[in-house]
Amino acid sequence: MLNIPLESAEDLYNYAPCGYFDMTRDRKIVRINETLLGWLGYSREEVLGKATFNDWLNTGTRLYIETHFAPMLHMQGYVKEIAFDVKIKDGSTLPVLINSSYIKLDEKQVIIRSTVFDATHRRRYEKELLLAKKNSELLAEELKIANEELRQFAYAASHDLKAPLTNVMSLLDIIKNRIHASSQDELKPVIEMAHGATSRMSELIKSLLEHAVSGKKESSKSWFAWNEAMEEVRFNLQMIAFTKNAQIIFEGSFNQMYASRTDMIRLVQNLISNGIKYCEKDRRPVVLIRSKEYSTCWEIIVEDNGIGIDPAHQKEIFKPFFRLHSSKDFDGSGIGLATCKNIIEQHNGSVVIESEKGSGSKFIVKIPKTSFLSPDAHSSVRSETARQV
Ligand code: ADP
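Worth saying up front: this structure is predicted, and the values here are computed from it rather than measured.

## With respect to helix 7 (residues 226-243)
- With 18 residues, helix 7 extends 26 Å between its outermost C-alpha atoms, agreeing within 8% with the 26 Å of an ideal straight helix rising 1.5 Å per residue.
- Its axis deflected by about 50 degrees at Leu-237, helix 7 carries its strongest bend there.
- Trp-226, Ala-229, Met-230, Val-233, Leu-237 and Ala-241 are the residues of helix 7 that are buried.
- On its buried face, helix 7 is in contact with strand 6 (222-225), strand 7 (247-251), strand 8 (256-259), helix 8 (261-277), strand 9 (286-293) and strand 10 (297-304).
- Looking one or two residues beyond helix 7, the residue adopting positive phi is Asn-245, at roughly 55 degrees.

## Some details on the packing of aromatic side chains
- Scanning all chains against the criterion turns up 13 aromatic pairs.
- Aromatic side chains Phe-53 and Trp-56 sit 6.1 Å apart centroid to centroid with 85 degrees between the ring planes, which places their arrangement in the edge-to-face category.
- Residue Phe-53 is classed as buried on the basis of its relative accessible area, which comes to 1%.
- Ring centres of Phe-53 and Phe-69 lie 6.0 Å apart, and the angle between their planes is 40 degrees; on these two criteria the pair is classed as tilted. Residue Phe-53 is found in the loop between helix 3 (44-47) and helix 4 (59-76), and its partner Phe-69 is found in helix 4; the two are separated by 16 residues along the sequence.
- Residue Phe-69 is classed as buried on the basis of its relative accessible area of 3%.
- An aromatic cluster is defined as three or more aromatic residues linked by ring pairs; in this entry it consists of Trp-223, Phe-224, Trp-226, Phe-254, Tyr-258 and Trp-298.
- The ring of Tyr-13 has Arg-31 lying over it, and the distance from NZ or CZ to the ring centre is 4.5 Å.
- Here the guanidinium or amino end of Lys-281 rests over the ring plane of Phe-330, the centre of that ring lying 4.5 Å away.

## Details of unusual backbone geometry
- The phi angle at Glu-81 is positive, at roughly 50 degrees, despite the residue not being glycine.
- Structurally, Glu-81 is set in strand 3 (residues 78-87).
- Located in the positive-phi region is Asn-348, a residue other than glycine, with phi close to 55 degrees.

## Examining the site of the ligand
- If you check the shell around the ligand, you find 21 residues, and the closest are Asn-274, Tyr-278, Arg-323, Ser-333 and Leu-337.
- Separating an oxygen atom of the ligand from a side-chain N or O atom of Tyr-278 is a distance of 2.6 Å.
- Side-chain polar atom of His-325 to an oxygen atom of the ligand: 2.8 Å apart, as the coordinates give it.
- Sorting the residues of the shell around the ligand by element identifies helix 8, helix 9 (336-346) and strand 12 (361-368) as the ones contributing at least two each.
- With three residues, helix 8 is the largest single contributor of residues to the shell around the ligand.
- The residue inventory of the shell around the ligand, partitioned by class, reads nine nonpolar, nine polar and three charged.

## Notes on the packing of helix 7 against helix 8
- Orientation of helix 7 relative to helix 8, taken along the N-to-C sense of each, is 40 degrees, at an axis distance of 10 Å. For the element pair helix 7 / helix 8, the angle class is oblique. Viewed along their axes, helix 7 and helix 8 form a crossing whose handedness is right-handed. Contact residues: Trp-226, Glu-228, Ala-229, Met-230, Glu-232, Val-233, Asn-236, Leu-237 and Ile-240 in helix 7; Arg-261, Met-264, Ile-265, Val-268, Gln-269, Ile-272, Ser-273 and Ile-276 in helix 8.
- Tallied by class, residues from the contact of helix 7 with helix 8 come to eleven nonpolar, three polar and three charged.

Quick notes on the rules
- Residues numbered from 1 in each chain as written.
- Predicted model: local features only at pLDDT ≥ 70, side-chain atom pairs only at ≥ 80, totals over all residues.
- Heavy atoms only, no water.
- Helix = DSSP H or I, 4+ residues; strand = E, 2+ residues; numbered from the N terminus.
- Expected span 1.5 Å × (residues − 1).
- Bend = angle between axes of the 7 residues up to and from the residue.
- Buried < 20%, exposed > 50% of the residue type's maximum accessible area, 1.4 Å probe, protein only.
- Contact = heavy atoms within 4.5 Å.
- Phe/Tyr/Trp six-rings, centres within 6.5 Å; stacked < 30°, edge-to-face > 60°.
- Lys NZ or Arg CZ within 6 Å of the ring centre and 35° of its normal.
- Near = heavy atom within 4 Å.
- Polar contact = N/O pair within 3.5 Å; in protein donor to acceptor, adjacent residues only side chain to side chain.
- Nonpolar A, V, L, I, M, F, W, Y, C, P; charged D, E, K, R; others polar.
- Axes fitted to C-alpha atoms, helices over the stretch in contact; angles between N-to-C directions.
- Parallel < 35°, antiparallel > 145°, perpendicular 65-115°, else oblique.
- Left-handed = near helix turned anticlockwise from the far one by under 90°.

Structure follows, in structure tokens:
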């Protein structure tokens with residue numbers, strides 16, 4: 001057995017890895033160990049017979065002690081793991097956990113004996129845990145939204161792809177039934193229709209693929225010359241502009257932009273081709289692209305003189321496969337604006353539409369310059385996007 005000297009009991013009390021103190025009912029400190037004195041920064045003389053427990057508490061904590069600690073102690077005869085901060089001599093505070101119990105000395109005298117644990121680390125872990133919990137709740141919420149979007153997307157994609165496929169299958173049935181009896185001329189329109197349906201399906205799949213890769217997190221952002229990118233847009237659209245006799249006007253500019261060049265080209269191109277497409281048949285489409293640089297963002301406005309968009313549908317048109325017009329009136333897949341939204345969100349930007357039915361449309365896109373500076377700035381702009389889109 002270990003031979004522990006008697007005086008070490010006192011030693012154990014004074015230098016235990018926790019604080020001890022006794023106080024009277026009126027909270028005068030009558031006994032205190034060295035550990036607690038060390039934590040509080042006082043000498044034994046400054047405390048014994050002079051200080052009260054209340055001297056260690058700020059107003060808020062005192063209120064808490066009166067309303068929770070004291071009544072519980074009175075009712076149960078003890079309290080366990082009560083957490084609060086005590087003031088220390090240098091003016092700072094120490095987070096502690098206190099266990100207290102009533103000790104009856106005789107019929108009249110009672111003291112309150114307490115153990116005090118330094119809760120600095122525990123408090124820090126609690127804060128970290130809380131933060132981690134909050135973050136995981138946020139992630140779970142984002143995941144829920146993403147899952148719902150994915151579900152809607154999968155539903156819309158399968159629904160839209162099924163229509164032309166059903167057409168092709170019916171047309172192939174017709175061909176099968178007529179193949180022996182008919183001349184080639186009779187089959188020609190059926191084959192043409194089947195061809196039309198398969199091309200539509202192929203267009204849909206192409207748009208879907210484009211949508212799937214648009215605005216992907218890893219799509220590389222870099223500095224690029226805006227004017228050169230817009231020259232590429234003009235080149236890519238020259239054929240459609242020629243066939244529709246459309247006028248595309250670029251105004252203003254900025255030298256350099258930090259973004260995914262491919263995404264920005266796709267974004268502006270989609271908006272311009274919609275501007276050309278959604279125009280009255282007897283009107284010459286005119287699309288004006290204005291680029292302006294501000295201290296906080298790059299602004300791109302694409303304005304057309306087309307059929308306009310009813311304000312009631314201005315949110316919905318960003319959903320995948322949502323179309324306001326049938327393919328008979330205007331050909332399309334309903335993916336273009338969903339792709340634009342993806343790209344804008346991936347750049348933490350925002351888009352607003354100014355349009356009335358029948359009087360042209362204006363898409364105002366803002367890409368914040370913070371998108372490449374601080375990750376924190378992202379969330380605020382993202383919530384702005386969510387509100388505006
Ligand atoms: P798509 O043009 O392939 O149908 P989009 O996603 O680009 O798909 O557009 C979704 C819908 O929004 C279109 O079907 C159209 O009804 C409407 N829309 C988009 N841009 C314009 C515009 N500039 N003017 C009028 N309507 C538009």
